[in-house]
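# Commentary on secondary and tertiary structure
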Amino acid sequence: MYSDDDHVELIQQCFDELVDAVHQRWHGGNLASQSVGSWSQSYADGSQTSDQIYADIIRQWLGDTGLLYRGWPG
């Protein structure tokens, strides 16, 4: 189980990655995800919509925290 401090950190990291993804999409890139530990970035091949990319990022960071609405697709 996550503590409140863990939730705050995960939400902040999720938000940071979402902001980066929006920036990349608006400037011609297709950033799908990135990681901090041993740095990694991956780009979509263009087949995913922005909504799909953003949903993937949210699921990556918050999927197992219990913070997402139970009806969340995926």
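Residues numbered from 1 in each chain as written. Predicted model: local features only at pLDDT ≥ 70, side-chain atom pairs only at ≥ 80, totals over all residues. Heavy atoms only, no water.

Attention shifts here to the overall build of the protein chain. In terms of regular secondary structure, the protein chain is built from two helices and two strands. Along the protein chain, helices (α) and strands (β) appear in the sequence α-β-β-α when read from the amino end. Relative to its full complement of 74 residues, the protein chain shows a buried share of 26%. Put simply, 46% of the contacts in the protein chain that link residues at least 6 apart link residues at least 24 apart. Put simply, the protein chain shows about 5300 Å² of open surface, and 53% of that area lies on carbon and sulfur atoms. (Helix = DSSP H or I, 4+ residues; strand = E, 2+ residues; numbered from the N terminus. Buried < 20%, exposed > 50% of the residue type's maximum accessible area, 1.4 Å probe, protein only. Contact = heavy atoms within 4.5 Å. Areas by Shrake-Rupley, 256 points an atom, 1.4 Å probe, with all protein chains shown as cover.)

Tallied over the full model, the rule gives one salt bridge. Here Arg-59 ties to Asp-56 by a salt bridge, and the two come within 2.7 Å at their closest N and O atoms. Placement of both Arg-59 and Asp-56 in helix 2 (residues 50-62) is noted, with a separation of three residues, approximately one turn of the helix. (Salt bridge = Lys/Arg side-chain N within 4 Å of Asp/Glu carboxyl O.)

As a further point, take the nonpolar core. Leu-10, Cys-14, Leu-18, Ala-21, Ile-53, Tyr-54, Ile-57, Ile-58, Trp-61 and Leu-62 form the largest nonpolar core, which has 10 residues in total. For this core, the secondary-structure elements that each account for two or more residues are helix 1 (4-26) and helix 2. It is helix 2 that provides the largest number of residues to this core, a total of six residues. Ignoring sequence-local partners within four residues, the contact set of Trp-61 consists of Leu-10, Gln-13, Cys-14 and Glu-17. (Core = buried A, V, L, I, M, F, W, Y, C linked by side-chain atoms within 4.5 Å.)

Turning next to helix 2. Its 13 residues place the ends of helix 2 18 Å apart at the C-alpha level, agreeing with the 18 Å of an ideal helix rising 1.5 Å per residue. When we look at burial in helix 2, the residues that qualify are Ile-53, Tyr-54, Ala-55, Ile-57, Ile-58, Trp-61 and Leu-62. (Expected span 1.5 Å × (residues − 1).)

This next bit is on the packing of helix 1 against helix 2. The N-to-C vectors of helix 1 and helix 2 enclose an angle of 160 degrees; their axes lie 9 Å apart at closest approach. Our classification of the angle between helix 1 and helix 2 gives roughly antiparallel. Every pair of crossing elements has a handedness; the one defined by helix 1 and helix 2 is right-handed. In contact with Leu-10, Ile-11, Gln-13, Cys-14, Glu-17, Leu-18, Ala-21, Val-22 and Arg-25 of helix 1, helix 2 contributes Ser-50, Ile-53, Tyr-54, Ile-57, Ile-58, Gln-60, Trp-61 and Leu-62. (Axes fitted to C-alpha atoms, helices over the stretch in contact; angles between N-to-C directions. Parallel < 35°, antiparallel > 145°, perpendicular 65-115°, else oblique. Left-handed = near helix turned anticlockwise from the far one by under 90°.)

A separate point is the side chain of Thr-65. Its place among the elements puts Thr-65 in the segment after helix 2. One polar contact links the side chain of Thr-65 to the main-chain amide nitrogen of Leu-67, over a distance of 3.1 Å. (Polar contact = N/O pair within 3.5 Å; in protein donor to acceptor, adjacent residues only side chain to side chain.)

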